[in-house]
Structure formats: C-alpha cells, structure tokens
Amino acid sequence: NFLKYAISIVIIALFHKTALIMIPLYFVLRYSLHSPIRRMRAFVLILIVLSLIYIFLDQVLLFATSILYPEYSGYLKDFLGVSSLVVIRPIFIALYILFYVKYINFKRIEERVWFNSVILLLIFTILSVQFGPFQRFTYFLLPYITLLIPLIASRIVNKKERFYHIAIVVTIMISYVVLTNLSLTTDYSFIWQGNV
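Residues numbered from 1 in each chain as written. Predicted model: local features only at pLDDT ≥ 70, side-chain atom pairs only at ≥ 80, totals over all residues. Heavy atoms only, no water.

1. Overview of the overall build of the chain
Point 1. Counting secondary structure elements, the chain contains 8 helices and 0 strands.
Point 2. The order of helices and strands in the chain, counted from the N terminus, is α-α-α-α-α-α-α-α.
Point 3. Within the chain, residue pairs in contact and separated by at least 24 positions form 69% of the contacts whose partners lie at least 6 positions apart. (Helix = DSSP H or I, 4+ residues; strand = E, 2+ residues; numbered from the N terminus. Contact = heavy atoms within 4.5 Å.)

2. Here we look at a nonpolar patch on the surface
Point 1. A cluster of nonpolar residues, Met40, Phe43, Val44, Leu47, Ile48, Leu52, Ile55, Phe56 and Val60, forms a patch on the protein surface that exposes about 840 Å² of accessible area.
Point 2. With 7 residues, the single largest contributor to the nonpolar patch is helix 3 (residues 36-55).
Point 3. Mapping Phe43 onto the fold places it in helix 3. (Patch = residues over 30% accessible without salt bridge, like charges linked within 9 Å, V, L, I, M, F, W, Y side chains within 5 Å. Areas by Shrake-Rupley, 256 points an atom, 1.4 Å probe, with all protein chains shown as cover. Salt bridge = Lys/Arg side-chain N within 4 Å of Asp/Glu carboxyl O.)

3. Remarks on the packing of aromatic side chains
Point 1. Considering all chains together, one arrives at 11 aromatic pairs under this definition.
Point 2. Sitting over the face of the ring of Tyr31, Arg38 holds its NZ or CZ atom 4.5 Å from the ring centroid. (Phe/Tyr/Trp six-rings, centres within 6.5 Å; stacked < 30°, edge-to-face > 60°. Lys NZ or Arg CZ within 6 Å of the ring centre and 35° of its normal.)

4. Considering the pattern of salt bridges
Point 1. Tallied over the full model, the rule gives 3 salt bridges.
Point 2. In this structure, Arg108 engages Glu111 in a salt bridge whose closest nitrogen and oxygen atoms are separated by 2.5 Å.
Point 3. When its relative accessible area of 36% is taken as the criterion, Arg108 is described as partly exposed.
Point 4. For Arg155, the salt bridge is made with Glu111, and the minimal N-O distance between the two is 2.8 Å. You can see Arg155 sitting in the loop between helix 7 (135-154) and helix 8 (159-183) and its partner Glu111 sitting in helix 6 (residues 109-130), a full 44 residues away along the chain.
Point 5. Through salt bridges with shared partners, a single network forms among Arg108, Glu110, Glu111 and Arg155. (Buried < 20%, exposed > 50% of the residue type's maximum accessible area, 1.4 Å probe, protein only.)

5. Re the nonpolar core
Point 1. Core analysis: the biggest nonpolar cluster contains 39 residues, and Leu29, Ile97, Phe124, Phe134, Leu141, Leu148 and Ile152 have the highest contact counts within it.
Point 2. Where this core is concerned, the elements lending two or more residues are helix 1 (2-12), helix 2 (22-29), helix 3, helix 5 (88-99), helix 6 and helix 7.
Point 3. Top element by residues in this core is helix 6. It accounts for 9 residues.
Point 4. Non-local contacts of Leu148, meaning those with residues more than four positions away in its chain, are made with Ile97, Ile104, Trp114, Phe115 and Val118. (Core = buried A, V, L, I, M, F, W, Y, C linked by side-chain atoms within 4.5 Å.)

6. Structural notes on the packing of helix 1 against helix 2
Point 1. Taken N-terminus to C-terminus, the directions of helix 1 and helix 2 make an angle of 145°; their axes are 9 Å apart at the nearest point. In this structure, helix 1 uses Phe2, Tyr5, Ala6, Ile9 and Val10 to contact helix 2, whose residues at the interface are Met22, Ile23, Tyr26 and Phe27.
Point 2. Counted by class, the contact of helix 1 with helix 2 contains 9 nonpolar, no polar and no charged residues. (Axes fitted to C-alpha atoms, helices over the stretch in contact; angles between N-to-C directions. Nonpolar A, V, L, I, M, F, W, Y, C, P; charged D, E, K, R; others polar.)

7. Concerning the confidence of the model for the chain
Point 1. For the chain, mean pLDDT is 80; residues scoring 70 or higher make up 79% of the total.
Point 2. Across the chain, the secondary-structure element scoring lowest on mean pLDDT is helix 4 (residues 57-68), at 68, and the one scoring highest is helix 1, at 92. (pLDDT = per-residue confidence, 0-100.)

8. Let's talk about the packing of helix 6 against helix 7
Point 1. At a closest axis distance of 8 Å, the pairing of helix 6 and helix 7 adopts a crossing angle of 140°. The orientation of helix 6 relative to helix 7 falls into the category oblique. Classified by chirality, the crossing of helix 7 by helix 6 is left-handed. Taken together, the residues of helix 7 that come into contact with helix 6 (itself represented by Glu111, Val113, Trp114, Phe115, Ser117, Val118, Leu120, Leu121, Phe124, Thr125 and Ser128) are Gln135, Phe137, Thr138, Leu141, Leu142, Tyr144, Ile145, Leu147, Leu148 and Leu151.
Point 2. The residue inventory of the contact of helix 6 with helix 7, partitioned by class, reads 15 nonpolar, 5 polar and 1 charged. (Parallel < 35°, antiparallel > 145°, perpendicular 65-115°, else oblique. Left-handed = near helix turned anticlockwise from the far one by under 90°.)

Structural data, given as structure tokens:
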C-alpha cells in the first residue's frame, strides 16, 4: 500500500531527510525485469541517469541542497568522494546475485525488490566515489540485501554445496571489512567543528 508506505517514510524522515529518497524508490524497486525488453529499458535508463548525474552533478547538488539541506549550501566543496575500494562490495554482491539468479522468484514482489536493491546499491556506491554523501542512500538498501543472500542459501538443496556457499560468502565479507578498515582513514567532521 503506497499511502501507508509514504506515511511511514515521512515519519522516518523526521530522523533524517535522506529517507525521503525511499518514496520514489518505491516504484523503482518494484520494477519487474521479467522480459528482455524491460531489462533493456532499465539498462538504458540507468545509463542515461548516471550520465546526466555525472554531467550535471554540481547543478543537481546545488538545487537539491538549496531545497532539502540549506544548512549544507556553503559546504558542498568539503564533501569529497569515498575511496573506490567501497565499490568492491556491491560489485561482488551483484555478481553473486547474478550467479545465483535462478534461485530468485521474480513473481514474488519482495524478492523482486531485494534483487533491484542490489542494482541500486551498485549505482549509489559508484556515485559516492564522486560525491561521498551518495553513500548514505546505500544504507537504506542494505537490509534488503541481507535478506536476499540468506534466501538464496536456503534454496540450495545440496547441503555440502550450501555449506561451502555460506563459508565463501562469510569469508569474503569479513575480508572486505578487514581490508577496507586497514586501508581507509576516514576523518569524520561536523560543519561546526574541525576533524574529529
């Protein structure tokens, strides 16, 4: 129910306005990729949107900031992109999901939403390399992905294959966390104070 969903998102947005992105994503995440034509349309649309964002990023940011985040308007130049290492996780997840796509039932809307969230996670992460705050949007999509990966594991019939599958996924995820924590030195700062 879109109305209940929108009301819930507006309430959640009282904590942080970035949650409002989930209202238009209601329609994007539900999009069905069941036919080759729909997949091609989605692919072309993604390329167009990414190209437009990269070309007009400064103008889009100035416009969006003036409306949603006027308190940040003078500080946009301070928001750097994140390390390109962060793209490793969504690329691995996307490849993993595509490899096991046969275990996803696209007729069930929740599984379709979870699958589409993997694609959006990759897009937002790529954009965050150029402008760091885009990474905030990925946090709204991660819960869907944490539901999809165990679902796929539960549908692997062979117990031995399932065990190796889980062991490999867990090992790769732990390795990713360790490597990124060793190689990244992120300084968090607020507008009203220096680096913390």
